[in-house]
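Summary of the model geometry
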Amino acid sequence: MSGTPAGQLPPLVEPAAELTKEEVARYSRHLIIPDVGMEGQKRLKNAKVLVIGAGGLGSPALLYLAAAGVGTLGVIDFDVVDESNLQRQVIHGQSDVGKPKAVSAKESIAEINPFVDVVLHNEQLTTENALDIFRGYDLILDGTDNFATRYLVNDAAVLLGKPYVWGSIFRFEGQVSVFWEDAPNGKGLNYRDLYPEAPPPGMVPSCAEGGVLGVLCASIGSIMVNEAIKLITGIGEPLLGRLISYDALEMRYREVKIRKDPETPKITELIDYEAFCGVVSQDAANAAAAHTITPAELKAKFDAGEDFVLIDVREPHEYEIVNIKGAKLIPKDRILSGEALAELPQDKPIVLHCKSGARSAEALAALHRAGFADATHLGGGVLAWARQIDPSLPTY
Ligand SMILES: Nc1ncnc2c1ncn2[C@@H]1O[C@H](COP(=O)(O)OP(=O)(O)OP(=O)(O)O)[C@@H](O)[C@H]1O
């Protein structure tokens, strides 16, 4: 038996009464690890774990939680499987494209471990349902990709006194930590102690914008499961108050201590997290409100031979994947910094577009501030164009 680490916590879950003969055979490689043993495996059997998002992190997390013998697994996701998910969301396969992710995940789990009870939540986690859903679980794993959900998960977990494991990924880098405000060792803290406020809209690109190496999801997802197993069984030292940052290119792990921030306001209720995080800035929302054109309207301009300039504000590698014929590439940051303003015509209408409309709305606000009062942007970006006007174009 290894020594007891200083930061060890008592097990989160009581052991189940027994393991069946089949379960003993299945989990034998766990049972012979002294730190896990029969008692640890019975705790896993009795555990109820909710995984939010059956995407990049949720996929490997669910597979390993199921294989490890967590008795009840909740899966919440409101999306359907897309072809672009398959490079990393390994719980889904080719024949699952178009299927709800929660349903597809349940089917894969049944194949990996039929002893797991899967509870399906084929819906979005919202301010309205989060507390009710969380109440049914001992532990939560947050595998989502947006700040509004991250703050929602944090605040709901704090209000219910539950621990959760958090992970995030981008390109070649990932981060993992455990947040538990009411940790029995008195060292609890929450996500707001680390990030008191969401970054300004558009500042932190999502994986959909910036990309992610598929295998990074397995690296980070499996660390999240490792933390879940430690919390459930009470072994090892959880990542409470510590953040692990992983760089897959350098192949380095770095540890950062997180401290309780006395300025962090007390969480007393759930709020409107979309508004708290601002999906786009107020300026961009105002600019877009009166200056958005639809794909059909853009096509009508082309068909009528109108003299206008279409500017694609994405990055060059995105332009290479797909572009709208005739569009000129000027990445958003060059417009926001003012550097590219001299390249824009003063005497012709300007239409901006990006992948799905958020970046072009930010660029549009900058153009309006710079005096290009008539500039417009394409609502839904090149994805909407491909869907509605030219289905032969690839999407990403
Ligand atoms: N509030 C929420 N409720 C339920 N599921 C959520 C919520 N927010 C995000 N998710 C899910 O979390 C998962 C995150 O996975 P991932 O980061 O790999 O993103 P994705 O949306 O599948 O991919 P991409 O953004 O690249 O298209 C997604 O399946 C998404 O539907």
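Residues numbered from 1 in each chain as written. Predicted model: local features only at pLDDT ≥ 70, side-chain atom pairs only at ≥ 80, totals over all residues. Heavy atoms only, no water.

Glancing now at the overall build of the protein chain. Secondary structure summary: the protein chain contains 17 helices and 13 strands in total. For 396 residues, the compact-globule formula gives about 21 Å, and the C-alpha radius of gyration of the protein chain, at 24 Å, lands near that figure. When burial is assessed residue by residue, the protein chain has 49% of its 396 residues classed as buried. For the protein chain, long-range pairs separated by at least 24 residues make up 69% of all intrachain contacts whose partners lie at least 6 apart in sequence. A total of about 18,500 Å² of accessible surface is found on the protein chain, and carbon and sulfur atoms cover 53% of it. (Helix = DSSP H or I, 4+ residues; strand = E, 2+ residues; numbered from the N terminus. Rg over C-alpha atoms; globule rule 2.2 N^0.38 Å. Buried < 20%, exposed > 50% of the residue type's maximum accessible area, 1.4 Å probe, protein only. Contact = heavy atoms within 4.5 Å. Areas by Shrake-Rupley, 256 points an atom, 1.4 Å probe, with all protein chains shown as cover.)

The subject of this paragraph is the environment of Trp385. Structurally, Trp385 can be placed in helix H17 (residues 381-388). In the structure, Trp385 is positioned 87 residues away from Leu298 in sequence and 8.9 Å away in space, judged by C-alpha atoms. Sequence-distant contacts of Trp385, that is, excluding residues within four places in its chain, are made with Pro295, Leu298, Lys299, Phe302, Ile324, Leu378, Asp390 and Leu393.

This part takes up the site of the ligand. What surrounds the ligand is a group of 20 residues, the closest being Gly56, Asp77, Gln89, Lys101 and Leu125. Between Leu125 and the ligand, the recorded distance is 2.8 Å, taken from a backbone N or O atom to a nitrogen atom. In this structure, a nitrogen atom belonging to the ligand sits 3.0 Å away from a side-chain N or O atom of Asn146. Contact with the protein chains hides 88% of the accessible area of the ligand, taken as 630 Å² for the molecule alone. Residue composition of the shell around the ligand, grouped by class: four nonpolar, ten polar and six charged. (Near = heavy atom within 4 Å. Polar contact = N/O pair within 3.5 Å; in protein donor to acceptor, adjacent residues only side chain to side chain. Nonpolar A, V, L, I, M, F, W, Y, C, P; charged D, E, K, R; others polar.)

Now for the pairing of strand S12 (residues 350-353). In S12, alternate side chains face the same way, and those of Ile350 and Leu352 on one face and Val351 and His353 on the other are all buried. Where strand S10 (residues 309-312) and S12 come together, four bridges link them in parallel fashion. Paired with Val309 across the strands is Ile350, a residue of S12. Handedness of the crossover joining S12 and strand S13 (residues 376-378) through helix H16 (residues 358-369): right-handed. (Pairing = 2+ DSSP bridges. Right-handed = clockwise from strand over helix to strand, strands pointing away.)

In this section: the packing of helix H4 (residues 58-68) against helix H10 (residues 214-233). One can describe the packing of H4 onto H10 by two numbers: an axis separation of 8 Å at closest approach and a directional angle of 40°. Classed by the angle they form, the pair H4 and H10 counts as oblique. Note on packing geometry: the crossing formed by H4 with H10 is right-handed. In this structure, H4 uses Pro60, Ala61, Tyr64, Leu65 and Ala68 to contact H10, whose residues at the interface are Cys217, Ala218, Gly221, Val225, Ala228 and Ile229. In terms of residue class, the contact of H4 with H10 is built from ten nonpolar, one polar and no charged. (Axes fitted to C-alpha atoms, helices over the stretch in contact; angles between N-to-C directions. Parallel < 35°, antiparallel > 145°, perpendicular 65-115°, else oblique. Left-handed = near helix turned anticlockwise from the far one by under 90°.)

Before going further, it helps to spend a moment on the sheet that holds S13. As summarised here, the arrangement of the five strands in space is S9-S13-S12-S10-S11, forming an open sheet in which the pairing is parallel. A single partner strand is all that each edge strand has here, and the edge strands are strand S9 (292-293) and strand S11 (328-329).

On to the pattern of salt bridges, then. Evaluated as defined, the whole model comprises 22 salt bridges. The partner of Glu23 in a salt bridge is Lys45, and the shortest N-O contact between them spans 2.8 Å. Here Glu23, found in helix H1 (residues 21-26), pairs with Lys45, found in helix H3 (residues 37-46); they are 22 residues apart in sequence, far enough to count as distant. Look at Glu23 and you get buried, because its relative accessible area is 5%. You can call Lys45 partly exposed: its relative accessible area is 26%. Its salt-bridge partner being Lys301, residue Glu306 comes within 3.1 Å of it at the nearest N-O pair. Residue class for Glu306 comes out partly exposed when judged on its relative accessible area of 39%. (Salt bridge = Lys/Arg side-chain N within 4 Å of Asp/Glu carboxyl O.)

This part is about the UniProt feature "domain: Rhodanese" (unreviewed entry) in the protein chain. Here the UniProt-annotated "domain: Rhodanese" (unreviewed entry) positions come out as residues 304-394. The span residues 304-394 shows a helical share of 34% and a strand share of 14%, and its end C-alpha atoms are spaced 25 Å apart. (UniProt positions renumbered as here; feature names shortened; annotations may be inferred.)

The biggest cluster of nonpolar side chains holds 46 residues, and the ones touching the most others in it are Val49, Leu62, Leu65, Leu73, Ile109 and Leu141. The element best represented in this core is H10, accounting for ten residues. When sequence neighbours within four positions are dropped, the list of residues in contact with Leu65 reads Val49, Val51, Val70, Leu73, Leu141, Val225 and Ala228. Core analysis: the next-biggest nonpolar cluster, separate from the first, contains 26 residues, Tyr137, Val153, Trp166 and Leu243 among them. (Core = buried A, V, L, I, M, F, W, Y, C linked by side-chain atoms within 4.5 Å.)

Another aspect to go through is the pairing of strand S7 (residues 242-247). Counting buried residues along S7, five of its six residues qualify, which places the element largely inside the surrounding structure. Across five bridges, strand S6 (residues 173-179) lies against S7 in antiparallel orientation. By the bridge assignment for S7, Val176 is matched with Ile244.

Our focus in this paragraph is the packing of aromatic side chains. One pass over the full model with this rule turns up eleven aromatic pairs. Geometrically, the ring pair formed by Phe302 and Phe308 is tilted, given 5.3 Å between the ring centres and 55° between the ring planes. Judged by relative accessible area, Phe302 falls into the partly exposed class, the value being 33%. Members of the aromatic cluster, connected to one another through ring pairs, are Tyr151, Tyr164, Trp166, Phe179, Tyr191, Tyr195 and Phe276. (Phe/Tyr/Trp six-rings, centres within 6.5 Å; stacked < 30°, edge-to-face > 60°.)

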